[in-house]
Amino acid sequence: MAAAAWQRLGEYLRDTQLLGSIQSTLYWDQNTTMPSRGSSWRGEQLSLLACQLHARQTNSYYVDLLKEARNEFEKDRLSGDFDSTEEFELSRNLDLLEQDLGRQQNLDPALIKALASAKSKGYELWQEAKAKADFSLFSKALSDLIQLRQEQARQLSEPRGCWETLAQPFEPDLTLIRLEELFKPLRNCLPALVDQVRSRHCSSSQKPMKIWDLDTASQNLLCNQLLKDWGRDESISCVAQSPHPFSITVGPRDFRLTTRLVPGQPFSSFLATAHEWGHSLYEQGLPDQSHQWFSWPLGKATSMAVHESQSLFWENRVARSKEFSERWWRRFSGAGAPVNSASELWHLINPVTPGLNRVEADELSYGLHILIRTDLEIALLEQGLEVEALPNEWNRRCGELLGVTPSNDGEGCLQDVHWSEGLFGYFPSYLLGHLISAQLAEAMARDLKSQGLEASDPIGRLISNGDELKLLDWLRQNVHVHGRQVNSEQLVEKVSGEKLSSAPFLRYLEAKFQ
C-alpha cells in the first residue's frame, strides 16, 4: 500500500512492539535467572514499561495516525486498488487496532501502573507462599489483584460481566453462556469416565510400579532429543528452568520456553517440554510477512484456546500416543527408566489415577481441574467468594470431583501461577484447547486419508514412522496461517467444517482409555 500513513502506522506499531518485547524479556528473566531480592526493582521496571506502553497505545499522535490510515484505506478501497484478500486483511488489521485503542483509552494510567506493580508483587509472594505451603502469605496480594481486575472491568464498560470482560484478551467473543454449552457435556461425562477408569485400575491384577526417578542429566537429554526430533532451530530458540513452565516470544526470531524438574515425577519435564514446544511451534508458524509482520494484529495468535490446542496436540496426541512409546521406549530405558517395552512406557506416561496437580494430570481428569478453577475464579470475581475461603472451597471441590483432597495449600490453590499475575479468565482456554485439538485432529486425519495415507489412524502412522514434521506441515497450512483473521470458533468451523463441540474430545477419551 503506497499511502504514507499506512507506512508510518507500521513503523509506530513496530516501535510499540519493541517496547513490549523489552517487557517480555524482563518477564523471562524474572522467571528464570533473576535473584529473589531483585523483585522490588523489577516491579518498578515493569510498572514504568506498562505506563509507557499504555501511553503509546492511547496518545493523540497514534489516534490521529490510525484515523489517517483508515481514511487512506477507504479511499484506496473505493478506487479498487485491492484484491479481495488484501482488502479483508487490511480492514481486519484496522478493525482490531481500533478495538484495542478503544479499550486502552478507557483505562486510567494509574490503574495500569497499579496492576503492573501488583502483578510483580503477587508473583513474588506466590512463590514464597507456594514454597512454604501457606496461603496466608499470598491472600492479601490476591485480594488486591481481584479488586484491580474488577476495577479494570468497570473502566472498560463493555456489555459483559466482569469475568467475561477479563476473558476477552485470551478468548475473543467468548461468553459464559457459550462456555457452559461447551462444558456441560464434560461436567456430565468426565466424572463418570474417571470413576470407570479408577475402578478398573483398582481391580487390575497388574502390580504397581515401584517409585523411581530419572536424574537431571537424563531428563535433559531426553528433552533435547525430543526438541531436535521436532524441528528445533537452536539459533532462534532457547530453553531454561522456571517454577512454572511457559513459552514466550521475545522477537520475530527469538522463541523461548521453560520446563521444570519435579522430584519423583520423571515424565514431568519431558511432557512440559512437549507442551511448551507446541506453543512455540505455533508462534513460529504465525503469519510474519508484509503488513502482517509481527507487530500487526493478524500476525498474532487466534486465541489462547487455539494456542493451547497446539501445545496439547503435541503433548497428548503425539507424545502420549502408543506409537510414540513404540519409538521412544528404548531411549527411556537407556536413560535409566525401568521400562522393558513400549506398552510399559505407554501406560506409565498415561496415568489413570486422578491427582492433585493440574500440570501432571491425566487427560481424563485434566478437564475437571479446569472446571474447578473456572468456577472458583468466577465466584471470586462475581459471586462474592471471600479470598480467605478459597483454600477450603478448593479442597472441597477437589474432593467432590477428583476424589482426592490436598494436604496443604501448596498442593491446592497455590499450585498455579496464573492468579498471582491477575490472569483471570485464562483457565478455560486449557479445556477449550482440548476440544479444539480433538476436533482439528479429526479433520487432520480425514485430510491425510484423502491425500492417500492408507491407515485406520493416519496420525498414528506418521508418528510410528517418525514423520511428526508432516503433522506440523498440516498445522502450518491449516491452522497457524490464519492468525487473528478469525476467532477460535470460526477457525475450527473453517478447518473442520463443523461448529466447535465437545463430542470429538469425548470420543477421543473414550477410545483411548477404554
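Residues numbered from 1 in each chain as written. Predicted model: local features only at pLDDT ≥ 70, side-chain atom pairs only at ≥ 80, totals over all residues. Heavy atoms only, no water.

Caption draft 1: The sheet that holds strand β3 (residues 254–259), seen in detail. Strand order in this open sheet of 3 strands is β1-β3-β2, and the pairing throughout is mixed. Pairing within the sheet leaves two strands with one partner each, and these edge strands are β1 (237–241) and β2 (247–251). This sheet shows a mean twist of 25° between the axes of neighbouring strands, independent of strand direction. The sheet contact formed by β2 and β3 spans 4 bridges and is antiparallel. Paired with Ile-248 across the two strands is Arg-256, which belongs to β3. (Pairing = 2+ DSSP bridges. Helix = DSSP H or I, 4+ residues; strand = E, 2+ residues; numbered from the N terminus. Axes fitted to C-alpha atoms, helices over the stretch in contact; angles between N-to-C directions.)

Caption draft 2: Fine view of the pattern of salt bridges. This model, assessed by the stated rule, comprises 32 salt bridges. Between Glu-151 and Arg-154 there is a salt bridge; the shortest N-O distance is 3.1 Å. Of this pair, Glu-151 and Arg-154 both sit in helix α6 (residues 136–156), separated by 3 residues, roughly a single helical turn. Judged by its relative accessible area of 27%, Glu-151 falls in the partly exposed class. Residue Arg-154 is classed as exposed on the basis of its relative accessible area, which comes to 53%. (Salt bridge = Lys/Arg side-chain N within 4 Å of Asp/Glu carboxyl O. Buried < 20%, exposed > 50% of the residue type's maximum accessible area, 1.4 Å probe, protein only.)

Caption draft 3: Looking closely at the packing of aromatic side chains. All chains considered together, the criterion is met by 25 aromatic pairs. Ring centres of Trp-6 and Trp-296 lie 4.8 Å apart, and the angle between their planes is 15°; this geometry places the pair in the stacked category. In this pair, Trp-6 is assigned in helix α1 (residues 4–32) and Trp-296 in the loop between α10 (268–285) and α11 (304–319), connecting sequence segments 290 residues apart. For the pair formed by Trp-6 and Trp-296, the shared burial category is buried. Cluster of aromatic residues (ring-pair linked, three or more members): Trp-212, Trp-230, Phe-267, Phe-270, Phe-313, Trp-314, Phe-324, Trp-328 and Phe-332. Its end group placed over the ring of Tyr-430, Arg-358 keeps NZ or CZ at 4.4 Å from the ring centre. The ring of Phe-427 has Arg-373 sitting right over it, with the charged end atom 5.8 Å from the ring centre. (Phe/Tyr/Trp six-rings, centres within 6.5 Å; stacked < 30°, edge-to-face > 60°. Lys NZ or Arg CZ within 6 Å of the ring centre and 35° of its normal.)

Caption draft 4: A look at the environment of Ser-420. For Ser-420, the location among the structural elements is in the loop between α15 (390–402) and α16 (428–450). Considered as a pair, Ser-420 and Gly-122 are 298 residues apart in the sequence and their alpha carbons are 4.8 Å apart. Dropping the residues within four chain positions of it, Ser-420 is found in contact with Ala-118, Lys-119, Gly-122, Tyr-123, Trp-126, Phe-138 and Leu-145. (Contact = heavy atoms within 4.5 Å.)

Caption draft 5: The arrangement of helix α5 (residues 109–132) in detail. In this model, α5 (24 residues) spans 35 Å end to end at C-alpha, consistent with the 34 Å of a helix rising 1.5 Å per residue. Buried within α5 we find Leu-111, Ile-112, Leu-115, Ala-116, Ala-118, Ser-120, Gly-122, Tyr-123, Leu-125, Trp-126 and Ala-129. Looking at the packing, one finds that the buried side of α5 touches α1, α2 (39–56) and α6. Put simply, Asp-108 is the residue that caps the front of α5, since its side-chain oxygen is 2.9 Å from the backbone nitrogen of Ala-110. Ala-133 sits one or two residues past α5 and shows a positive phi near 55°. (Expected span 1.5 Å × (residues − 1). Polar contact = N/O pair within 3.5 Å; in protein donor to acceptor, adjacent residues only side chain to side chain.)

Caption draft 6: Up close: the packing of helix α9 (residues 216–229) against helix α12 (residues 322–334). Viewed as axis vectors pointing N to C, α9 and α12 meet at an angle of 140°, and their least axial separation amounts to 11 Å. Our classification of the angle between α9 and α12 gives oblique. Relative to α12, the crossing made by α9 is right-handed. Together, Leu-222, Gln-225, Leu-226 and Asp-229 of α9 and Phe-324, Arg-327, Trp-328, Arg-331 and Phe-332 of α12 make up the contact between the two elements. Tallied by class, residues from the contact of α9 with α12 come to 5 nonpolar, 1 polar and 3 charged. (Parallel < 35°, antiparallel > 145°, perpendicular 65-115°, else oblique. Left-handed = near helix turned anticlockwise from the far one by under 90°. Nonpolar A, V, L, I, M, F, W, Y, C, P; charged D, E, K, R; others polar.)

Caption draft 7: Highlighting the nonpolar core. By size, the foremost hydrophobic cluster in this structure holds 111 residues, and its most contacted members are Phe-332 and Leu-471. With 12 residues, the single largest contributor to this core is α16. Residues in contact with Leu-471, not counting those within four places in the same chain, are Phe-313, Trp-314, Val-318, Met-444, Leu-448, Ile-459, Leu-462 and Ile-463. Ranked by size, the runner-up nonpolar core spans 17 residues in total, among them Trp-6, Phe-73, Leu-97 and Leu-101. (Core = buried A, V, L, I, M, F, W, Y, C linked by side-chain atoms within 4.5 Å.)

Caption draft 8: Just the environment of Lys-140, in detail. Locating Lys-140 in the fold gives a position in helix α6. Once the C-alpha coordinates of Lys-140 and Val-318 are considered, the two residues, 178 residues apart in sequence, prove to be 41 Å apart.

Caption draft 9: Up close: the environment of Arg-396. Position of Arg-396 among the secondary structure elements: in helix α15. Arg-396 sits 322 residues away from Glu-74 along the chain, and the two C-alpha atoms are 57 Å apart.

Caption draft 10: How the structure looks around the state of the cysteines. What the rule picks out here adds up to 0 disulfides. Sulfur of Cys-223: no disulfide; nearest cysteine sulfur belongs to Cys-238 and is 15 Å away. A residue is classified by how much of its surface remains accessible, and Cys-223, at 5% relative accessible area, is buried. (Disulfide = S-S within 2.5 Å.)

Caption draft 11: Layout of helix α14 (residues 363–382). Along its 20 residues, α14 runs 29 Å from first to last C-alpha, staying within 8% of the 28 Å computed at 1.5 Å per residue. Across the 20 residues that make up α14, a large majority, 18, are buried. The opening residue of α14 is Asp-362, an N-cap whose side-chain oxygen sits 2.9 Å from the backbone nitrogen of Leu-364. Backbone geometry just downstream of α14 places Gly-384 in the positive-phi region, at approximately 80°.

Caption draft 12: Fine view of unusual backbone geometry. Its identity as a non-glycine residue notwithstanding, Ser-157 has a phi of 55°, on the positive side. Mapped onto the elements, Ser-157 comes out in the loop between α6 and α7 (162–167). Within the chain, Asp-173 stands out as a residue other than glycine whose phi angle is a positive 75°. Positionally, Asp-173 belongs in the loop between α7 and α8 (176–203).

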